[in-house]
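Okay, here's what each chain looks like letter by letter:
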Number of protein chains: 2
Amino acid sequence: MRLSDSIESFIKEMLDDGSAEVELKRNELAEYFRCAPSQINYVLATRFSPDHGYLTESRRGGGGYIRIVRVVQSGSQRLMYLVNERIGDSLTGEECIRLISQLKEAEVVTADEASLMAAAVSARALSVPLTDELKNAMRARIMKSMLMTIAARNKG
Amino acid sequence: MRLSDSIESFIKEMLDDGSAEVELKRNELAEYFRCAPSQINYVLATRFSPDHGYLTESRRGGGGYIRIVRVVQSGSQRLMYLVNERIGDSLTGEECIRLISQLKEAEVVTADEASLMAAAVSARALSVPLTDELKNAMRARIMKSMLMTIAARNKG
DNA sequence: ACACTCTAATGGTCAAAGAAAGTCGAAGTA
DNA sequence: TACTTCGACTTTCTTTGACCATTAGAGTGT
């Protein structure tokens with residue numbers, strides 16, 4: 001069996017033990033598996049990316065850590081669909097507005113949250129000297145990032 | 001746990017015990033935690049800055065002291081300050097996080113809204129091929145746009 | 001009393017060392 | 001060809017120590 005697979009299983013077992021969140025020390029884990037510390041990063045990048053339904057957060061320096069949060073659960077299917085299928089690399093301002101109001105209609109987000117989201121991808125927010133293509137690429141990314149966050153909170 | 005975190009908690013506990021103000025002796029505190037006195041300055045700079053919602057004032061010489069005050073501002077005061085003075089043309093990701101968590105602490109936004117905002121300006125959202133400078137400029141704009149939306153709703 | 005100086009007691013700054021984690025290209029493997 | 005693994009180098013956060021700045025009060029001379 002591959003090292004990466006072992007590390008993946010190890011982390012997933014930890015996640016199954018109750019909480020949907022786990023905190024670890026990169027160096028300790030690498031030591032445990034007798035591999036290069038950067039191997040852990042590889043596993044995180046290939047098996048615990050947002051597309052796989054996980055968020056990771058970390059801190060360097062003394063007392064540093066890596067935290068992994070599982071965000072995909074039954075209730076978030078629709079959101080994950082949006083993130084993975086509906087939204088591609090690009091989204092116009094209008095498409096954003098349409099999506100956001102659908103989410104509001106469906107009561108996935110509150111009205112206040114909907115306006116916050118709209119503000120984040122508004123023309124005003126993106127009024128920097130960039131091509132429309134780049135702006136729409138940014139919109140897609142900003143939307144995905146926010147939707148992932150909503151999916152994470154909706155897991156209960 | 002990190003030393004800095006311990007010192008931070010210690011000070012915050014003192015602040016929670018009633019008054020929104022605390023006075024301490026740098027050397028005594030350093031002695032108590034068995035660390036270099038300058039460590040206290042580090043904690044103040046990284047955890048009790050104005051962005052974190054605190055002001056510090058101090059005096060040297062015999063009978064010197066350090067006073068830490070938690071700043072209390074109304075929601076709209078804080079929003080105005082942020083939009084008009086604090087946020088200029090550029091904001092780093094960390095600065096965004098700090099400002100957002102202050103708004104949450106001050107109950108200007110809900111926890112859900114705070115994570116939404118953080119998601120909008122996260123590195124994940126802005127992982128497009130742009131210079132850091134441009135990204136930080138975008139962060140400033142996105143933040144302002146969102147904050148103005150919040151300010152608008154708080155009036156109605 | 002008064003003014004002046006000296007000194008001990010504080011706190012401040014900054015650069016360097018230490019302690020994690022991140023990146024990325026090269027080499028290995030299936 | 002695509003996926004893994006490694007390790008040299010980078011970045012970020014923490015901790016310390018040497019040196020600097022300020023202040024209150026004691027001592028001294030008039």
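Residues numbered from 1 in each chain as written. Chains lettered and ligands numbered in written order. Predicted model: local features only at pLDDT ≥ 70, side-chain atom pairs only at ≥ 80, totals over all residues. Heavy atoms only, no water.

1. Notes on the side chain of A:N136
Okay, so step 1: Of note, A:N136 is situated in helix 7 (residues 132-153).
Okay, so step 2: Those residues in contact with A:N136 that sit more than four places away from it in its chain are A:D89, A:S90, A:L91, A:T92 and A:G93. (Helix = DSSP H or I, 4+ residues; strand = E, 2+ residues; numbered from the N terminus. Contact = heavy atoms within 4.5 Å.)

2. Considering the packing of helix 6 (residues 111-120) of chain B against helix 7 (residues 132-155) of chain B
Pairs of packed helices are described in terms of their axes, by the angle between the two and the distance that separates them.
All names here are of chain B.
Okay, so step 1: For the pair helix 6 and helix 7, the least separation of the axes is 10 Å and the interaxial angle reads 155°. Between helix 6 and helix 7, the angle falls in the class roughly antiparallel. Read as a crossing pair, helix 6 and helix 7 show a hand that is right-handed. Here helix 6 contributes E113, M117 and A120 to the contact with helix 7, which in turn contributes I142, M143, M146, L147, I150 and R153.
Okay, so step 2: Residue classes in the contact of helix 6 with helix 7 are distributed as seven nonpolar, no polar and two charged. (Axes fitted to C-alpha atoms, helices over the stretch in contact; angles between N-to-C directions. Parallel < 35°, antiparallel > 145°, perpendicular 65-115°, else oblique. Left-handed = near helix turned anticlockwise from the far one by under 90°. Nonpolar A, V, L, I, M, F, W, Y, C, P; charged D, E, K, R; others polar.)

3. Here's the deal with the interface of chain B and chain A
How big an interface is tends to be expressed through the accessible area that disappears when the partners come together.
Okay, so step 1: Between chain B and chain A, the contact holds 26 residues from the first and 32 residues from the second.
Okay, so step 2: Summing the contributions of chain B and of chain A, the shared interface buries around 2600 Å²; its carbon and sulfur component is 66%.
Okay, so step 3: Across the pair B:R153 and A:D112 runs a salt bridge, and its minimum N-O distance is 3.6 Å.
Okay, so step 4: Across the contact surface, chain B and chain A share ten residue pairs in polar contact (both at pLDDT 80 or more). (Buried area = accessible area lost by both parts, 1.4 Å probe. Salt bridge = Lys/Arg side-chain N within 4 Å of Asp/Glu carboxyl O. Polar contact = N/O pair within 3.5 Å; in protein donor to acceptor, adjacent residues only side chain to side chain.)

4. Regarding the sheet that holds strand 2 (residues 54-59) of chain B
Note on sheets: strands pair through backbone hydrogen bonds, and any given pair is parallel or antiparallel.
Residue and element names in this part refer to chain B.
Okay, so step 1: Pairing within the open sheet is antiparallel, and its three strands lie in the order 1-3-2. Here the strands that pair on one side only, and so sit at the sheet edges, are strand 1 (21-24) and strand 2. Each adjacent strand pair in this sheet contributes to an overall mean axis angle of 15°, direction not counted.
Okay, so step 2: As paired elements, strand 2 and strand 3 (residues 65-70) share six bridges and run antiparallel to each other. Bridge assignment links E57 to a residue of strand 3, and that residue is R67. (Pairing = 2+ DSSP bridges.)

5. A few points about the protein's contact with DNA strand D
Okay, so step 1: If you check the shell around DNA strand D, you find 27 residues, and the closest are A:S4, A:Y42, A:R60, B:Y42 and B:R59.
Okay, so step 2: For DNA strand D, the backbone makes up 65% of the atoms found within 4 Å of the protein, where backbone means sugar plus phosphate.
Okay, so step 3: At 3.0 Å from a phosphate oxygen of DNA strand D is found a main-chain nitrogen or oxygen belonging to B:L3.
Okay, so step 4: Secondary structure elements with two or more residues in the surface near DNA strand D: helix 1 (3-16) and helix 3 (37-47) of chain A together with helix 1 (3-16) and helix 3 (37-47) of chain B.
Okay, so step 5: Each residue belonging to the surface near DNA strand D can be placed in one class, and the counts come to eight nonpolar, ten polar and nine charged. (Near = heavy atom within 4 Å.)

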